[in-house]
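# Structural overview for review
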Amino acid sequence: MREITYLEAIKEALDEELARDPSVFILGEDVGIYGGAFRVTEGFYEKYGEWRILDTPLSESGFTGAAIGAALVGMRPVVEMQFADFISCAFDQLVNVAAKNHYRWGGATPIVVRAPYGGNIHGGAFHSQCIEGFFFNVAGLKIVAPSTAYDAKGLLKAAIRDNDPVIYCEHKYLYRRIKDSIPEEDYVVPIGKARIALEGNDVSIITYGAMVHTALEAAQALNEKGISCEIIDLRTILPLDKKSIFTTVKKTNKVVVLHEQTKTGGVGAEVSSLITEYCFDYLDGPIIRIAAQDTPVPYSAQMEEAFIPQVKDVLSAVEKLIRY
Amino acid sequence: MREITYLEAIKEALDEELARDPSVFILGEDVGIYGGAFRVTEGFYEKYGEWRILDTPLSESGFTGAAIGAALVGMRPVVEMQFADFISCAFDQLVNVAAKNHYRWGGATPIVVRAPYGGNIHGGAFHSQCIEGFFFNVAGLKIVAPSTAYDAKGLLKAAIRDNDPVIYCEHKYLYRRIKDSIPEEDYVVPIGKARIALEGNDVSIITYGAMVHTALEAAQALNEKGISCEIIDLRTILPLDKKSIFTTVKKTNKVVVLHEQTKTGGVGAEVSSLITEYCFDYLDGPIIRIAAQDTPVPYSAQMEEAFIPQVKDVLSAVEKLIRY
Amino acid sequence: MDAKREDLLQLYYYLKLTRRLEDRVTSLYHQGKILGGAWTSNGTEAVSVGFGYALEKNDIAAPYFRDMGVFLIRGITAKRIMAQYFGKKTGVTGGKEGNVHIGDLNFGVIGFPSHLADNYPVGTGAALAFKIRGEKRIAVACTGDGGTSRGDFHEGMNFAAVRKLPIVFICNNNQYAYSTPLQLQMSIKNIAERALAYGMSSKIVDGNNVIEVYMAAKEAYEIARNGGGPTFIECKTMRMHGHSEHDSAKYVPRELLDEWKKKDPILNMEKYLLENNISQKAELESIDSRVKKEIEEAEAFAEQSPYPEPEDGMKGLYATPIAEE
Amino acid sequence: MDAKREDLLQLYYYLKLTRRLEDRVTSLYHQGKILGGAWTSNGTEAVSVGFGYALEKNDIAAPYFRDMGVFLIRGITAKRIMAQYFGKKTGVTGGKEGNVHIGDLNFGVIGFPSHLADNYPVGTGAALAFKIRGEKRIAVACTGDGGTSRGDFHEGMNFAAVRKLPIVFICNNNQYAYSTPLQLQMSIKNIAERALAYGMSSKIVDGNNVIEVYMAAKEAYEIARNGGGPTFIECKTMRMHGHSEHDSAKYVPRELLDEWKKKDPILNMEKYLLENNISQKAELESIDSRVKKEIEEAEAFAEQSPYPEPEDGMKGLYATPIAEE
Ligand SMILES: Cc1ncc(C[n+]2csc(CCOP(=O)(O)OP(=O)(O)O)c2C)c(N)n1
Ligand SMILES: Cc1ncc(C[n+]2csc(CCOP(=O)(O)OP(=O)(O)O)c2C)c(N)n1
Ligand SMILES: [Mg+2]
Ligand SMILES: [Mg+2]
């Protein structure tokens, strides 16, 4: 076991998969000589060469399409978006080509698209977006979003070995801020399975990504007040792990859904409506969603803080439910 | 008052706005000499000339971007997507430029994007999609989806006069299948306001687009069994008319949400979760969502029928709620 | 390089097969027997037959929707294609997709996504894979004149050129994108000029001359296969039907059609074979009989095939389904 | 056509203003006073100053992020820009946006969206509006060498060319897209060759010579204004700082920087003005003092300005808010 950061976990997963499987390769802007805008692929170019770590022209649709074509003939490309925000330029290839190939005509498309996403870094509207909403209604894609270094590594390995297109949402804010003890041996975290980040009895907080840490902080404060929260870290957003969601609801009967993505049409809406549809009789109160406000991500620190869900928002939602 | 089809209503709205306001113009593939793939703009080229009815090169991002630029300097462009499915190619311009201009730096962007959408026409995965899910999590856009000829005209006029980017979802299946009596005078249907398509007491069916007609058919059958349905036609999907939604829920206490869009991450999830969050105490049963299955749209008639919600699905959901 | 007699007869066979298949589809469409719409390559068959026939077995095609010749040549049978048009379970995609939305990697054919030029980057990616693995395979991608205005055309071409990938790009320049004539699509005289933006070699060929298309493709494939990088081939031809079979194409000047009719690729080829004593009328007729029979059998097969079950549409979303505990 | 003395001095002033503003931003960034990142146009100022100064009052600019000269020339003050960098309420966008993400239609500047080349179609649309309305205005759009590989570059250029719209496209070819050198971006020698794909005129200019950029832009604007259609202008220059101020740019060969350092656009201009007796040292120094003072005042203004209120971020989503009953 070694302590490594979230970013190092991503790097290790890539490095080990590149070493293990010659069909794995990386492409994107500045991933080669430079080692990536966030230095995730640093040293890979020297180790694996220019044909496995490919600097591309500035053309997200082009290199995502190329990844799709390579995947169709047996490769396992990992595409790096420099920032998740630029995935919008590859939207058509992901949604209409990658997502539909297998269903339409049987073409398995094992690509991974790494999307460094999320706010809290004063990046403004184009360097802070949560992009899962772009793809959440698109059947055929898988979307994962690890919140820990352990999961970051295990989910990335699972994504690379998976035969479907996977959008891997890596939260920039967590890159160097969190660490985990990681086993020496190879492991994967299965796609489609949530985890219990904290066991508890009174209220369930269902969340993912950086907000898991916000939830944990809130839970600790609440614990001191004698309120016991169960935190579900979804890990996979598409498809959702309904079983884990329903299990916690049946246990606590009170639910807060928390995410950094904007509220309207967010993942939280799906989680909430699944619960209402299938666990209605278990609910002892409304399902409260806490999410970013429905605007682009504002730049100034003051506005961004108001935009992104904070611990205090979780506290007041849970307390409201407890009083319910 | 005259009886006109849904398609004619769209055409009339465009024609009248083109005549009324010289800043209105149309651009897209084959909209000029040919009159559009669905003949919506037939005759306009002759009437308004090649600079107000512009045939473009095959380049959705390019001409949507051009519409945005024209809008920023005072025009009111109406973009025609040949099929809604191709809007994926203009995703970046819509989501990152049009939607964010006003918030980011105050640039009002009055564009309308006409998106002929929806299935039931044996068009397969690329000519049948419901595209509202692509944009539903994007703050800054407005999305409307008329279900009647009256609303088709009134909402399109409102969209053209609106100062924000509006995605106008026109359902291809309805084009020539439904008619309405339309007033002679100019009118608009306000964006952001749902309507009650049918008053009733026992169960609310909240829906929009072609599914309004499915709901009406189901309601008639249910009426014969003594079950009274209230049907809410959302008309505007983004932003949702929460007031109308909450009003009907407080009246009937039982809710079915129905749409043609695929289920996971659909508009129905948002509607359902809004209700659970804000009207929990008024609910006498689970909120049942009826939606297309989570796959691309299949081609064969047998599969497509199973894919798209049918009257029988509504009947069984309502009956389940009545028994609840 | 000269084409062998055997190859020439095969080219003739595939031209005929493509024409008769699509002509039959057209009739069936007007009889209401085809599910959805019908798009054909009528008048431009020499393009897909030419570049399709020049492929080696292990090469990969990323076609567009007027490439029926490629599907057939690669080994996707007329039966399966006809069943696809009927929306039958025995169709290429089991009824999940329709008409020309065909793909089957068992025959080296990447599926056609409607979004034009999307297959330019996708084909480029296949070529990239070959390059990474050091395989002597090439990819070919095709789109229409209209498709060359799309961003994906640009991004695919550029990437392939920068990396000198083993791919050949074909453009079926049939003068129109739906109703839109070339001069409303671009202000260049030859689409081949687009290749200049990428420092890519290009070639203009008579798209109604199957031998010319075939030879040009073959040559470009060999260059690509041997590390010489991509070529762009513009095939000048003319769409002789409407955009689809419900389009009467009134916007196309009659004289233009009359003029191009004289240059029909099948008549062209027939004349060539006969005048050069490569074949005789009887032989060509026997090929045609074979083709006719094949199409009749395909139709019968399609007619008799079962429709898919409604539940079939719920299967196959993922290649790796989520494991249930 | 010759530039007037007054114009030359203004060009010099704006070069200096741009350089000093961005240099100060760089220092403040390293002091941790700037919110977020800092990108500058260091070494390439002649591009945005040149094409920005050539605009007429009613023209429209659709810039990219190394176009500080354009913002300043159009009348967006150093004060507002500095406050923007600080994330203050008095910034160009009231704190909603940061640094170079600037737009203000009161000054004919369309906002810069990060997504490179998105402003090529957007600028094209502004030009289309002028054409439709018969106005004698033009648009200018700019992007980097990197941006020319994007689909939106292609689609914007092509549409403008087909419709002969009154727009000029500028490319700031500073040799790198972040760390990616030209040869990994394209296989052409001059980016101007991209224009061939659209039948568009193009010009290559020394991007470190502000007069050359200015004259070329002015000429192209007049052609566009008079119905002659678009021009593409490649400005060859060199990015002298890292991609952003946190990038040490180790990937750029030192010799390359040394070589380009000698061609600094400001020194260039200074030399030109002095050697041709257009100005004297004293005059230039007084311009520089003015610039220094302006920047100092801008910084003080930014420092003293209030931060936005948290609630400000909830406002302004829509231009037409939904009416409440
Ligand atoms: C991105 C995209 N936009 C619109 C369409 C609708 N569409 C189908 S075919 C066609 C015209 C295609 O023209 P061209 O590329 O010249 O091919 P051709 O049909 O002439 O063979 C259009 C606009 C599409 N398929 N893809
Ligand atoms: C579509 C898109 N992808 C990625 C980025 C991230 N990015 C910002 S600047 C840059 C390099 C830009 O190079 P170039 O166009 O040459 O402009 P320069 O920075 O050299 O002025 C990249 C990749 C972006 N802004 N937009
Ligand atoms: Mg064509
Ligand atoms: Mg550059």
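One can find the structure itself at the top, above this paragraph.
Throughout, a residue's number is its position along its own chain's written sequence, starting from 1. To label them, take the chains in the order written and letter them from A, then take the ligands in the order written and number them from 1. A pLDDT threshold of at least 70 governs which residues receive local features in this predicted model, and a stricter bar of 80 or more applies before side-chain atom pairs are shown or counted, although totals over entire chains, interfaces and linings include all residues. Only heavy atoms go into the side-chain values, all of them from the structure, while hydrogens and water stay out.

### Observations regarding the pattern of salt bridges
All names here are of chain A. Inclusion rule: One speaks of a salt bridge when a side-chain nitrogen belonging to Lys or Arg is within 4 Å of a carboxyl oxygen belonging to Asp or Glu. Elements are defined by DSSP. Helices are runs of H or I of four residues or more, strands are runs of E of two residues or more, and each kind is numbered from the N terminus. The buried label applies to any residue whose accessible area, calculated with a 1.4 Å probe on protein chains only, is under 20% of its type's maximum; exposed applies above 50%, and partly exposed to all values in between.
In the structure shown here, the tally under the stated rule is 102 salt bridges over all chains. A salt bridge links Glu-17 to Lys-157; its shortest N-O distance comes to 3.5 Å. In this pair, Glu-17 sits in helix α1 (residues 6–20) while Lys-157 sits in helix α6 (residues 149–161), placing the two residues 140 residues apart along the sequence. Since its relative accessible area comes to 2%, Lys-157 is described here as buried. For the salt bridge of Arg-195 with Asp-151, the shortest nitrogen-to-oxygen distance reads 3.2 Å. Within this pair, whereas Arg-195 is found in strand β9 (residues 195–198), its partner Asp-151 is found in helix α6, the two being separated by 44 residues in sequence. The buried category is assigned to Asp-151, whose relative accessible area is 2%. In the salt-bridge network here, residues are joined through shared partners; they are Arg-2, Glu-12, Glu-16, Glu-17, Arg-20, Lys-153, Lys-157, Arg-161, Glu-184 and Asp-186.

### Examining the site of ligand 2
Inclusion rule: Any residue with a heavy atom positioned within 4 Å of a molecule or strand is treated as near that molecule or strand. Side-chain atoms alone can form a polar contact between residues adjacent in sequence; in general such a contact is a pair of N or O atoms within 3.5 Å, and within protein one must be able to donate a hydrogen while the other accepts it. Each accessible area value is a Shrake-Rupley result obtained with a 1.4 Å probe; residue values ignore everything except the protein chains displayed when judging cover.
Around ligand 2 lies a shell of 22 residues, among which A:Glu60, D:Tyr64, D:Arg66, D:Gly146 and D:Tyr176 are the nearest. Neighbouring residues of ligand 2 are distributed over chains A and D. Within the side chain of D:Asn174, an N or O atom sits 2.8 Å from an oxygen atom of ligand 2. Measuring from an oxygen atom of ligand 2, one finds a backbone N or O atom of D:Tyr176 at 2.7 Å. Protein contact buries 97% of the 580 Å² of open area that ligand 2 shows by itself.

### Describing the coordination of the magnesium ion (ligand 3)
When a metal carries six donors in an octahedron, the ideal angles between them are 90 or 180 degrees, while four donors in a tetrahedron ideally lie at 109.5 degrees. Cut-off, in case you're wondering: Donor atoms are limited to N, O and S found within 2.8 Å of the metal ion, a distance that becomes 3.2 Å for Na, K and Ca. With water left out, some sites might look partial.
Coordination of the magnesium ion (ligand 3) by the protein is provided by C:Asp145 (OD), C:Asn174 (OD1) and C:Tyr176 (O), with metal-donor distances spanning 2.0 Å. Here C:Asn174 falls in the buried class, since its relative accessible area comes to 2%.

### Focus on the pairing of strand β7 (residues 231–236) of chain D
All names here are of chain D. Just so we agree on the cut-off: Think of it this way: DSSP has to see at least two bridges between two strands before they count as a pair.
In terms of burial, β7 is a largely internal element, five of the six residues being buried. In this sheet, β7 lies alongside strand β3 (residues 167–173) in parallel orientation, the contact comprising six bridges. Following the sheet pairing, Asn-173 is matched in β7 by Lys-236. In this structure, strand β6 (residues 201–206) lies alongside β7, joined through six bridges in parallel fashion. Counterpart to Val-205 in the pairing with β7 is Cys-235.

### Brief notes about the site of ligand 1
So the rule is basically this: Note on residue classes: Ala, Val, Leu, Ile, Met, Phe, Trp, Tyr, Cys and Pro are nonpolar, Asp, Glu, Lys and Arg are charged, and everything else, Gly too, is polar.
The environment of ligand 1 is formed by 22 residues, the closest being B:Glu60, C:Tyr64, C:Arg66, C:Gly146 and C:Tyr176. This site is not confined to one chain, since residues near ligand 1 come from chains B and C. One of the side-chain nitrogen or oxygen atoms of B:Glu60 is found 2.6 Å away from a nitrogen atom of ligand 1. Within the backbone of C:Ser114, a nitrogen or oxygen atom sits 2.9 Å from a nitrogen atom of ligand 1. Protein contacts shield 97% of the accessible area of ligand 1, which totals 570 Å² for the unbound molecule. Counted by class, the shell around ligand 1 contains nine nonpolar, eight polar and five charged residues.

### A few points about the coordination of the magnesium ion (ligand 4)
All names here are of chain D. With distances of 2.0 to 2.1 Å, the protein atoms coordinating the magnesium ion (ligand 4) are Asp-145 (OD), Asn-174 (OD1) and Tyr-176 (O). Donor residues for the magnesium ion (ligand 4), ordered by position in the chain, follow D-x28-N-x1-Y. Of the two residues, Asp-145 sits in the loop between β2 (139–144) and α6 (151–162) while Tyr-176 sits in strand β4 (residues 176–177), which places them 31 residues apart along the sequence. You'll find Asp-145 and Tyr-176 in the same group, each marked buried.

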